[in-house]
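Take a look at the letters that make up each chain.
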Amino acid sequence: MSEQSTPHKPHRHDHGDHGHAQRAHRHDHGHSDGSGRWSQFRHQVRHLVKPHSHEAADKVDSAMETSAEGMRTLWISLGVLGLTAALQAVVVVLSGSVALLGDTIHNAADALTALPLGVAFILGRRAATRRFTYGFGRAEDLAGIFIVLTIAASSALAAWTAIDRLLNPQEISYLPAVAAAALIGFIGNEWVARYRITAGKRIGSAALVADGLHARTDGFTSLAVLLGAGGAALGWRLADPIVGLLITVAILAVLKGAVREVFRRLMDAVDPALVDTAETALHQVDGVLEVGELRMRWIGHQLRAEVAIVVAGDLSVRDAHRVAVDAEHALLHAVPRLTAALVHADPAAGHDEADPHTPLAHHHAHA
């Protein structure tokens, strides 16, 4: 990367929703201001006549659309888990099964984890402020921490219940009804888990993925009740607690995956393949001689990027700005879930030119 900067400021361009409010799809495309209604109308007509060529799955959705999909996922899964818990509660009353009671409590608790995540999606729609200049998308990551803690509590409860059953075996009545209710619990939780994980990956929400993993842990618990009921039907009273311990181990494995997912998001980790995609797109932009520092980070379910590119040293400020706009435009179309990019252009340095970044060297040394 060149060590000399052009006199133009880094170009910031939000593709869609900077303040989490739905706006028109904007690009300058190297033209003049274009802030009037007539310019906006011409731009929209041009996009209708010549749409951008990228796959539908890679389109950059607005924050409102992704938040709405997240809320829809939560409401549907909340309804499914609520119905599952209600059906199980009826069998609990009839059979008096303590194991099924614990499973019912698990399912009800899993349904309630949708509440903090729903609050996070609602907060994420709020516009950025002078204090929270990046908006409130990080609320999703905080909800992810809460969900991870809930999974950990579920594993502890499952382990404690299993150990208690080993020490104090209990008879289970109405075994067919208990087995049927446990099967309903497993199917309901697994369906919700798949639905949440798929939706979470589609909209880029690590918290929603973690919530799906939590639903899967409760599905394992339901499966333990089913297998325990089967063992009890064969006369093996210790089947329920032994299977419960095995399921606890499975829950801990799921917990490990959820912790890793949320931790990476909190540490601004991104898939290296996204970085490769961004670099490839930038190298294909006319006027970009070299790609320097490239950083990407998730804020909630939105991806943002910062990049320094090298352009010819004899370009005017206006021409360098045009290259920066083209580079940003290429990023927005190439990188899925990217909603904003900050592009800085550096001129290619000559052999006898001093490094204009020298005044910043001591700041970087102390960083």
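Everything that follows concerns the structure shown earlier in this document.
Just so it is clear, the model here is predicted, and its values are computed rather than measured.

### Quick word on the overall build of the protein
Okay, so step 1: Regarding its fold elements, the protein presents 11 helices and four strands.
Okay, so step 2: Taken over 367 residues, the protein has a buried fraction of 44%.
Okay, so step 3: Relative to all contacts within the protein whose residues are 6 or more apart in sequence, the contacts with residues 24 or more apart total 76%.
Okay, so step 4: Approximately 18800 Å² of the protein is accessible, and the part contributed by carbon and sulfur atoms is 63%.

### As for the nonpolar core
Okay, so step 1: The biggest cluster of nonpolar side chains holds 28 residues, and the ones touching the most others in it are Leu74, Leu117, Phe121, Ile151, Leu208 and Ala258.
Okay, so step 2: Counting only elements with at least two residues in this core, the list comes to α2 (63-95), α4 (114-124), α5 (139-167), α6 (175-203), α7 (206-233) and α8 (239-266).
Okay, so step 3: Residues in contact with leucine 208, not counting those within four places in the same chain, are Thr73, Leu74, Leu117, Arg196, Ala199, Gly200 and Ile203.
Okay, so step 4: Counting residues in hydrophobic clusters, the runner-up holds 25 residues, among them Ala278, Trp298, Ala320 and Ala324.

### Focus on the packing of aromatic side chains
Okay, so step 1: Evaluation of the coordinates by the stated rule reveals two aromatic pairs.
Okay, so step 2: A centroid spacing of 4.8 Å and a plane angle of 40 degrees characterise the contact between phenylalanine 132 and phenylalanine 136, whose relative ring orientation is tilted.
Okay, so step 3: Residue placement shows arginine 126 over the ring face of phenylalanine 136; its charged tip is 4.6 Å from the ring centre.
Okay, so step 4: Seen from the ring of tyrosine 134, arginine 297 lies directly overhead, with NZ or CZ sitting 5.5 Å from the centre.

### Concerning helix α9 (residues 272-283)
Okay, so step 1: Taking 1.5 Å of rise per residue, 12 residues should cover 16 Å, and α9 covers 17 Å from first to last C-alpha, within 8% of that figure.
Okay, so step 2: Inspection of α9 places Leu274, Ala278, Ala281 and Leu282 among the buried residues, and these make up the whole buried set. In an axial view of α9, the angular spread of the buried residues amounts to 100 degrees, which keeps them on one side of the axis.
Okay, so step 3: For α9, the elements touching its buried residues are β2 (290-299), β3 (302-311) and α10 (317-334).

### Topic: the pattern of salt bridges
Okay, so step 1: The tally for this structure, following the rule as stated, stands at seven salt bridges.
Okay, so step 2: Its salt-bridge partner being glutamate 190, residue arginine 194 comes within 3.1 Å of it at the nearest N-O pair. With a gap of four residues between them, arginine 194 and glutamate 190 both fall in helix α6, about one helical turn apart.
Okay, so step 3: On the basis of relative accessible area, glutamate 190 is assigned to the buried category, the value being 15%.

### Considerations on the pairing of β2
Okay, so step 1: Bridge count between β2 and β3: eight bridges; the pairing is antiparallel. The residue of β3 that forms the bridge with tryptophan 298 is leucine 303.
Okay, so step 2: Counted between consecutive antiparallel strands, the loop separating β2 from β3 contains two residues, among which glycine 300 sits at a positive phi close to 70 degrees.

### What about the packing of α4 against α5?
Any two packed helices are characterised by how steeply their axes cross, that is the angle between the axes, and by the distance between the axes.
Okay, so step 1: Orientation of α4 relative to α5, taken along the N-to-C sense of each, is 175 degrees, at an axis distance of 8 Å. Relative to α5, α4 is oriented roughly antiparallel. For the pair α4 and α5, contact is made by Pro116, Leu117, Ala120, Phe121 and Leu123 and by Ala139, Glu140, Ala143, Phe146 and Ile147, respectively.
Okay, so step 2: For the contact of α4 with α5, the class distribution of residues is nine nonpolar, no polar and one charged.

### Focus on the side chain of serine 222
Okay, so step 1: Within the element layout of this structure, serine 222 appears in helix α7.
Okay, so step 2: Using a relative accessible area of 0% as the deciding quantity, one classes serine 222 as buried.
Okay, so step 3: Excluding anything up to four places from it in sequence, serine 222 contacts Gln88, Asp103, Asn107, Ala182, Gly185, Phe186 and Asn189.

### Remarks on the packing of α9 against α10
Okay, so step 1: It is at 9 Å that the axes of α9 and α10 come closest, and there the two elements cross at 140 degrees. If you check the angle between α9 and α10, you find them oblique. Note that α9 runs across α10; the crossing there is right-handed. When α9 is examined against α10, the residues Thr277, Ala278, Ala281 and Leu282 are found in contact with a partner set consisting of Ala327, Ala330, Leu331 and Ala334.

### Observations concerning unusual backbone geometry
Okay, so step 1: Even without a glycine there, the phi angle at aspartate 268 is positive, about 60 degrees.
Okay, so step 2: Phi is positive for arginine 337, which is not a glycine, with a value near 70 degrees.
Okay, so step 3: Assignment of secondary structure puts arginine 337 in the loop between α10 and β4 (338-347).
Okay, so step 4: The exposure class assigned to arginine 337 is buried, which follows from its relative accessible area of 9%.

What counts, and at which threshold
Residues numbered from 1 in each chain as written. Predicted model: local features only at pLDDT ≥ 70, side-chain atom pairs only at ≥ 80, totals over all residues. Heavy atoms only, no water. Helix = DSSP H or I, 4+ residues; strand = E, 2+ residues; numbered from the N terminus. Buried < 20%, exposed > 50% of the residue type's maximum accessible area, 1.4 Å probe, protein only. Contact = heavy atoms within 4.5 Å. Areas by Shrake-Rupley, 256 points an atom, 1.4 Å probe, with all protein chains shown as cover. Core = buried A, V, L, I, M, F, W, Y, C linked by side-chain atoms within 4.5 Å. Phe/Tyr/Trp six-rings, centres within 6.5 Å; stacked < 30°, edge-to-face > 60°. Lys NZ or Arg CZ within 6 Å of the ring centre and 35° of its normal. Expected span 1.5 Å × (residues − 1). Arc of directions from axis to C-beta. Salt bridge = Lys/Arg side-chain N within 4 Å of Asp/Glu carboxyl O. Pairing = 2+ DSSP bridges. Axes fitted to C-alpha atoms, helices over the stretch in contact; angles between N-to-C directions. Parallel < 35°, antiparallel > 145°, perpendicular 65-115°, else oblique. Nonpolar A, V, L, I, M, F, W, Y, C, P; charged D, E, K, R; others polar. Left-handed = near helix turned anticlockwise from the far one by under 90°.

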